[in-house]
Amino acid sequence: MATDFSKGPVWKNIIKQAVPLTIAQMVQILYNIVDRIYIGHLPEIGKLALTGIGLTFPVVTLVSAFSALFGPGGTPLFSIQRGAGNDDRAKNIMCNSCFLLVITAVILTAFNLIFKRDILFLFGASEETILYADEYLNIYLWGTLFSMFSTGMNSYISAQGFANTGMKTVVIGAVINIILDPIFIFTFNLGVAGAAIATVIAQFVSAAWVFKFLTGKKCLISLQLRGFKFDRKICGQITGLGMSGFIMAGSNAAVQIVCNTTLGVYGGDLYIGIMTVLNSVRELFTVVTQGIVNGAQPVLGFDYGARKPGRVKQGIKFTAFINVAYTLIVWIAILLFPESFIRIFNTDPEVLIYGSRAIHIYFFGFIFMALQFSGQSTFVALGKSKHAIFFSLLRKVFIVVPLTIFLPQIAGLGVWGVFLAEPISNVIGGTASFTTMMFTVWRRLNVQASEEGRTS
């Protein structure tokens, strides 16, 4: 029986979706986090190798960006059509989304393999760190198709109410990666290459699991490629809604590139390595906020399609409150125990000393990130792609990138100006995103609720 998100307490529907999604995304982060933990603790070469892995972040992030563009980009449309009872339309959306993911993965693999060394030097690699970055990417890129398919299409499993199955997709792959990492890195003495091999194998297993479920009998709306017809209009709608997530991830890649190159000028490989650690810590902590908003999106989209404005408002309030409370706790923990989080990835004395100062700056005002996530995800869930795209661009492209370039030149800030750009963007971007959502979406929902009250 199809899941009906218009019934039962809204917060319970969100939690039911969010908990397994959060666990799944936490495990998903382990794909790369575990690699960094092991590599950062390699004898003698750990600090340089970790920096080399950090230089591959923009490439990996761009792959994730395209996954978000064509995968989760289609699920709000999918959820709205399900809520309206148009299952055939929903199936067509899913099939076109799959087509876009596969074609893009093939193109990205070829392009990155051909130009990877030039790309890495452009991203701030030095002669010392290029060895490790190139070694990792040379293997990792062969798993692009597996990564994009499993990540992109897994969102259609969760959107049908099978959040636990979606969680298993990531858990299976991550467990395999965690088991294989030490075997390939240390037992087989493959180092950075071993980490990449383990990740690709794990991604393949996850992709196989997603494909098996979506084409199986348990799936409510199955992926049936036989009789598939490319629909330009649907692909345009998917791309339009997915553009928000794409720009968020793509702008993250742009920020990573600018940060690495600027840090290379003002501080060198040490500070690029510290930024790698801070990005890893941030990934760990934003998993919960992402899980909550991703769990809320199908619920909000379904209720919106079912014309339940009151329930949509309840979902928005609950999501925002939980995210704000959580990010406040995280901020306090980092202020009190900065070194503890850095030691997870590297114990080099220089990294600990300068990293502790950097993490205090970087995470200042972290609570405003909750407002960014809550406002932006609401726009996406209700199909308002233009607003979501604008606020993605505002925070990263129009605020972080210019600040990263110019702050180091002000008052002798140097490398610390690079770390300061992130909290400033959180305050400005988060406030602007949430406030605009309240003045547009929230007011419209109030009008809809009043109209339905008069007609009932």
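Reading guide: rules and limits
Here, residues in each chain are numbered from 1, in the same order as that chain's written sequence. At least 70 in pLDDT is required for a residue's local features to be given in this predicted model, at least 80 for side-chain atom pairs to be given and counted, and no such filter applies to totals for whole chains, interfaces and linings, which use all residues. Only hydrogens and water are set aside; all other atoms, that is, all heavy atoms of the structure, feed into the side-chain values. Helical segments are the DSSP runs of H or I of at least four residues, strand segments are the runs of E of at least two, and each set is numbered from the N terminus. Atoms counted for the radius of gyration: C-alpha only. Globule rule: 2.2 Å times residue count to the power 0.38. Exposure categories follow from relative accessible area, calculated using a 1.4 Å probe and restricted to protein chains: below 20% of the type maximum is buried, above 50% is exposed, and the middle band is partly exposed. The accessible surface values rely on the Shrake-Rupley method and a 1.4 Å probe; as for residues, cover is taken only from the protein chains in view. In this charge count, Lys and Arg are treated as positive and Asp and Glu as negative; neither His nor the chain ends contribute. The location of each charge is read from NZ of Lys, CZ of Arg, CG of Asp or CD of Glu. By nonpolar core is meant a set of buried Ala, Val, Leu, Ile, Met, Phe, Trp, Tyr and Cys residues that side-chain atoms within 4.5 Å join together. Residues count as neighbours in contact if any of their non-hydrogen atoms are within 4.5 Å of one another. Salt bridge, as used here, is a side-chain nitrogen of Lys or Arg placed within 4 Å of a carboxyl oxygen of Asp or Glu. Nonpolar side chains (Val, Leu, Ile, Met, Phe, Trp, Tyr) are joined into patches within 5 Å and like charges within 9 Å, using only residues with over 30% relative accessible area and no salt bridge.

Trainee: I keep staring at the overall build of the chain and nothing clicks. Help me out?
Mentor: A count of helices and strands for the chain gives 17 helices and 0 strands. Taken over the C-alpha trace, the chain has a radius of gyration of 22 Å; the compact-globule value for 456 residues is 23 Å, and the two agree within 12%. Its C-alpha atoms give the chain principal-axis dimensions of about 70 × 50 × 35 Å. Looking at the chain as a whole, 58% of its 456 residues are labelled buried. Surface accessibility of the chain: about 18,400 Å² in total, with carbon and sulfur atoms responsible for 67%. Here the chain carries 33 positive and 21 negative side-chain charges, and the mean point of each set is 17 Å from the other.

Trainee: Help me out: how do you make sense of the nonpolar core in this one?
Mentor: Nonpolar side chains in soluble globular proteins generally cluster together in the buried interior. Grouped together as the largest cluster of nonpolar side chains are 68 residues, with contacts concentrated most on Leu263, Tyr271, Ile274, Val281, Phe285, Phe363 and Phe419. Not counting residues within four places of it along the chain, the set of residues in contact with Val281 comprises Phe341, Phe345, Ile359 and Phe363. In terms of nonpolar packing, the next biggest core, distinct from the first, is built from 37 residues, Ala65, Leu214, Phe246 and Ala249 among them.

Trainee: How do you make sense of the pattern of salt bridges when you look at a structure like this?
Mentor: Pairing is possible between side chains that carry opposite charge, provided their charged atoms lie close to one another. Counted by the stated rule, this structure contains 10 salt bridges. In this structure, the salt-bridge partner of Asp348 is Lys47, at a minimum N-O distance of 3.6 Å. In this pair, Asp348 is assigned in the loop between helix 13 (338–343) and helix 14 (349–362) and Lys47 in helix 2 (residues 46–55), connecting sequence segments 301 residues apart. Here Lys47 falls in the partly exposed class, since its relative accessible area comes to 30%. The partner of Arg395 in a salt bridge is Glu422, with the nearest N and O atoms 3.4 Å apart. Placement of the pair is Arg395 in helix 16 (residues 385–406) and Glu422 in helix 17 (residues 415–455), with a sequence separation of 27 residues. Glu422 carries the same exposure label as Arg395, and that label is buried.

Trainee: I keep staring at a nonpolar patch on the surface and nothing clicks. Help me out?
Mentor: On the surface, a cluster of nonpolar side chains totalling about 410 Å² of accessible area is made up of Val175, Ile179, Ile183, Phe188 and Leu190. Mapped onto the secondary structure, Phe188 falls in the loop between helix 8 (163–187) and helix 9 (191–214). A relative accessible area of 48% means that Phe188 is categorised as partly exposed.

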